[in-house]
Amino acid sequence: MQAGSLSQNVVLVDGQNQMPAIGETVAWSDKPDNQFATARVSGIAPGVDHTRTLALRDGLVIVIDRLESAAEHAYDFVYHNFGELSLGDGWTSAPADKPLAETTNYANIIGLNRLTGQGPLHLRWDLTNQVSASAKTPPTTTPVHLALWQAPVAGSEIFTGTIGLNNPNTTRMPDAAPSLFTRARGKTVSFVTVLEPYKEKPSVTGISLEPDVLTIQRGEESLRIPLKDFTGGTAR
């Protein structure tokens, strides 16, 4: 089982656990058509500030991470889920030639693969069988999936691999958790991610990012979301 920050859906700095820190709420809204919360933490690593927005919009979860520092760092966006992971169209994988790091349990990631593709990243998790064998109710036959889209980050490297996490759905402890690791370097880096839970067919067909606007394509329709509504800035 993994321990430390790598076992959480967070951003790691230079391959190290996050430092203990207290954040502050920057903005929030409980309006039905614009529910979000934005918080900022100073000092997740020496000299590094992290602002994260979680927003609910039209059945989607939008995650916006902005890392800021006066010095350059390697930032690893980490996202885990259970179930079976598959790649979206246009994305391929090949075994990585070395671990992402030797610290913070990175060397224990199983089946580390480097992804290659163009445009926004697209991954899917199939969670249909996430039911305990000892459950009193029979397993559902209704498909349960989660789609992830992530806007391109200049110069980033994208990896998938499996770690072990305690699974409250199946009671397996630990259980395999196929995971995403997006690594980007710079003084200021932003990750913009869209999550869509769905049953049989997802509605999102693509995303694009301008400096101030996230556009989510749903077939012939587009949902345009000004990022400054959440963070007071841009996603540059």
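Met173 connects to Pro174 through a cis peptide bond whose omega is 0°. Its location among the elements puts Pro174 in the loop between strand S11 (157–165) and strand S12 (175–198). Residues other than glycine seldom take positive phi values, yet Asp14 does so here, at roughly 55°. On the secondary structure map, Asp14 appears in the loop between strand S1 (11–13) and strand S2 (23–31). For Asp14, a relative accessible area of 38% translates into the label partly exposed. Its identity is not glycine, yet Thr104 carries a phi of approximately 50°, on the positive side. Locating Thr104 in the fold gives a position in the loop between strand S7 (92–95) and strand S8 (110–116). Overall, the relative accessible area of 16% leaves Thr104 in the buried class.

Burial runs high along S11: eight of the nine residues are buried. In the sheet, S11 pairs with S12 via nine bridges, with the strands oriented antiparallel. By the bridge assignment for S12, Thr160 is matched with Leu180.

The next subject is the packing of aromatic side chains. A complete count under the given rule lists three aromatic pairs for this structure. A ring pair is formed by Tyr79 and Trp125, whose centres lie 5.4 Å apart and whose planes are at 75°; its orientation type is edge-to-face. Taken together, the residues span a long stretch of sequence, with Tyr79 in strand S5 (residues 60–80) and Trp125 in strand S9 (residues 121–126) at a distance of 46 residues. Judged by relative accessible area, which is 0%, Trp125 ranks as buried.

Scoring rules and cut-offs
- Residues numbered from 1 in each chain as written.
- Predicted model: local features only at pLDDT ≥ 70, side-chain atom pairs only at ≥ 80, totals over all residues.
- Heavy atoms only, no water.
- Helix = DSSP H or I, 4+ residues; strand = E, 2+ residues; numbered from the N terminus.
- Buried < 20%, exposed > 50% of the residue type's maximum accessible area, 1.4 Å probe, protein only.
- Pairing = 2+ DSSP bridges.
- Phe/Tyr/Trp six-rings, centres within 6.5 Å; stacked < 30°, edge-to-face > 60°.

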